[in-house]
Amino acid sequence: MKLHGRNLIAGEVSAQGNPTFWHGTGTVGVNVHEATDWEVSRAASLAAEAFEDFRARPPEQRAALLDRIAAEIEALGDPLIERANLETSLGVPRLTGERARTCNQLRMFARVVEEGSWVQARIDRALPDRKPLPRPDLRRMLIPIGPVASFSASNFPLAISVAGNDLSSAFAAGCPVVVKAHPGHPGTSEMVANAVNKAVGELGIHPGVFSLLQGRGHAVGLALVRDPEIKAVAFTGSLRGGRALFDAANARAEPIPVFAEMGSINPVFVLPGALEERGRQIAEGLKNSVTLGVGQFCTCPGVVVGLEGEATERFTRDVGELIAAAPPAAMLNDHIWRGYVEGLQSIAAVPGVKAVARSKVETQSRTTGAPAVFATDADTFYNNKALRDEVFGPSTLIVKGRSKEELESVARVLHGQLTATIHGTPQDLEEHRGLISILEQKVGRLIFNGFPTGIEPCNAVHHGGPYPATTDARTTSIGTTAIERFVRPVCYQDFPQSALPPELRDGNPRKIWRLVEGQMTRE
Ligand code: NAP
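Here is what the cut-offs are and how they apply
- Residues numbered from 1 in each chain as written.
- Predicted model: local features only at pLDDT ≥ 70, side-chain atom pairs only at ≥ 80, totals over all residues.
- Heavy atoms only, no water.
- Pairing = 2+ DSSP bridges.
- Helix = DSSP H or I, 4+ residues; strand = E, 2+ residues; numbered from the N terminus.
- Axes fitted to C-alpha atoms, helices over the stretch in contact; angles between N-to-C directions.
- Contact = heavy atoms within 4.5 Å.
- Salt bridge = Lys/Arg side-chain N within 4 Å of Asp/Glu carboxyl O.
- Buried < 20%, exposed > 50% of the residue type's maximum accessible area, 1.4 Å probe, protein only.
- Phe/Tyr/Trp six-rings, centres within 6.5 Å; stacked < 30°, edge-to-face > 60°.
- Lys NZ or Arg CZ within 6 Å of the ring centre and 35° of its normal.

Engineer: Would you explain the sheet that holds strand S11 (residues 258-261) in this entry?
Structural biologist: Within a sheet, neighbouring strands are paired by backbone hydrogen bonds and run either parallel or antiparallel to one another. The strand order S2-S1-S9-S8-S7-S10-S11 describes an open sheet built from seven strands, whose pairing is mixed. Looking along the sheet, the strands with just one partner apiece sit at the ends: strand S2 (12-14) and S11. In this sheet, adjacent strand axes meet at a mean angle of 20° when their direction is disregarded. By the bridge criterion, four bridges tie strand S10 (residues 232-236) to S11 in an arrangement that is parallel. From the neighbouring strand, Ala234 faces S11, where its bridge partner is Phe259. Sheet contacts for helix H6 (residues 186-202): strand S1 (7-9) and strand S9 (210-213); angle to S9, the most-contacted strand, approximately 165°. Along the sheet, helix H7 (residues 219-226) contacts strand S7 (148-151), strand S8 (177-180), S9 and S10; its crossing angle with S8, the most-contacted strand, is approximately 160°.

Printed below as a string of structure tokens:
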């Protein structure tokens, strides 16, 4: 497919700016036109114009749109995977799986819209005879918040990019979306944007419901977040980027919510009983989790915590041996590779940190990430803030504590995290109840006898956590409750039936779950 590298604003190709960067290798590339301020503003104002139409459409149409987008992405076939592979080096099998996840996600949200209970309807009927004061008729539900700015992630060019989790959940809620494409995969973004536009056009929906803006440098993203028509921001990427956008959104005349998913080191606690029973198996699982996708996952386990002793020494040797044999692989881009190399240098420079092993497999390419493992003691971890920052890539740090109390101190000093994992036996759990209680305060997902990489988009999953894992610990970016980022409640007091939304009318025409007089019912 021939790529043009231009912006796509409300279904139209737009290139006000000169070509500003070349992306690709050899002759297989594209001249990308960075969006101008005018283009940013036009995309946002057309999104605002489309909002009334989009939110007023029956849920079946929004479900049909999500289904249609999934079908159009599938129809792009192998060229989409080839382009994504060229731009990210993630490999065909991984990208094929990611495409399936993207389409499943779109369809999952289509079913959420059809089912309808996401509006969380609540009804407390009038009590005109109540003493001393009558109660009015009160009915509350969630409505879409307005146009959403979505920042694509570098490490998921399909599932957390143009038609990924943000667009799926925002469209499900009834919000238009303006996507800031990630500069690492502009061609993939353009192809998926074409699929979205095709679906929007086929269903006769206002084209302003979707726009794609290209850019490299921070101007486009900042202008988008500052645009008064944008009402919420979704972001996956670095702490620095997420924080900058959060600050920009809060400095607006009208501050808006920013749902940024940022760094995490995803601690794994290996308790003594589990290490005795299956230390080698845990070491193998850990190596696989650390090196999956060249460690470029927000759920990569960057720190492993255990009690000093022979079992932990054996475990450290096992992990070292496995990491030494693990091959390096190409990272997403030069910038991320450089960040990884610098991250390894800063860990190695901390006094008290020992390099256990580094991949011994030879590689010709400069930008490949070599797996690495370090070790240290709990005091060093406790006293060096740098060890608590994410190193984005295939490395991990084993921290050894002398006592249960030291393990708990390590847990207490951690920043907010997306996940924490515990490997233990029932007896370990009994003895380390305090640890679980501390971790509950720190993370969004607690994993038992497993590994944090690999996240299932579904109803019960939570992909979030206290700052700096995210800027809002109450929400998730993956799973069906991600829709809650793009809604706000409205309460209707003493409204006539004919003027109420169908979700709140007597007789429950949509047959959704509602809390009526304190009871959940579909009646
Ligand atoms: P990034 O630098 O945060 O960029 C993500 C998006 O935000 C890009 O579109 C970028 O576009 C924009 N952006 C970044 N800083 C900005 C700012 N100050 N103002 C306005 N827009 C800004 O993330 P990345 O390129 O994916 O990778 C860099 C690092 O992010 C990695 O090394 C890793 O540490 C982390 N990362 C974390 C996750 C995660 O899941 N939490 C995922 C991927 C990467 P412009 O460059 O055009 O401004």
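Having seen the structure, we can now continue with the description.
Engineer: Help me out: how do you make sense of the pattern of salt bridges in this one?
Structural biologist: Where charged atoms from two side chains of opposite charge approach closely, those side chains can pair. For the structure shown, the criterion picks out 30 salt bridges. Note that Asp137 is salt-bridged to Arg139, the shortest N-O span being 2.7 Å. The class of Asp137 is buried, set by a relative accessible area of 12%. Judged by its relative accessible area of 2%, Arg139 falls in the buried class.

Engineer: I tried to follow the pairing of S9 on my own but got confused; where do I start?
Structural biologist: Here is the key point about a regular strand: its side chains alternate between the two faces of the sheet. Residues Phe210 and Leu212 point to one face of S9 and Ser211 and Leu213 to the other, with burial holding for every one of them. Across two bridges, S1 lies against S9 in antiparallel orientation. Looking at S9, one finds that Leu8 is bridged to Leu212. As judged from the four bridges shared by S8 and S9, these two strands associate in the parallel manner. Bridging across to S9, Val178 finds its partner in Ser211.

Engineer: I keep staring at the packing of aromatic side chains and nothing clicks. Help me out?
Structural biologist: Each aromatic ring pair is described using two quantities: the centre-to-centre distance and the angle formed by the ring planes. A complete count under the given rule lists five aromatic pairs for this structure. Measuring from centroid to centroid gives 5.3 Å for Phe54 and Phe171, while their planes differ by 70°, and the two rings are edge-to-face. With Phe54 in helix H1 (residues 37-56) and Phe171 in helix H5 (residues 165-173), this pair connects stretches of sequence that are 117 residues apart. The pair formed by Phe54 and Phe171 is uniform in burial state, with each residue classed as buried. The ring of Phe51 carries Arg55 above its face, with NZ or CZ at 5.8 Å from the centroid. Looking at Arg94, its charged tip hangs above the ring of Phe156, at a distance of 4.6 Å from the centre.

So far we have only geometry, and geometry alone does not tell us how the molecule works.
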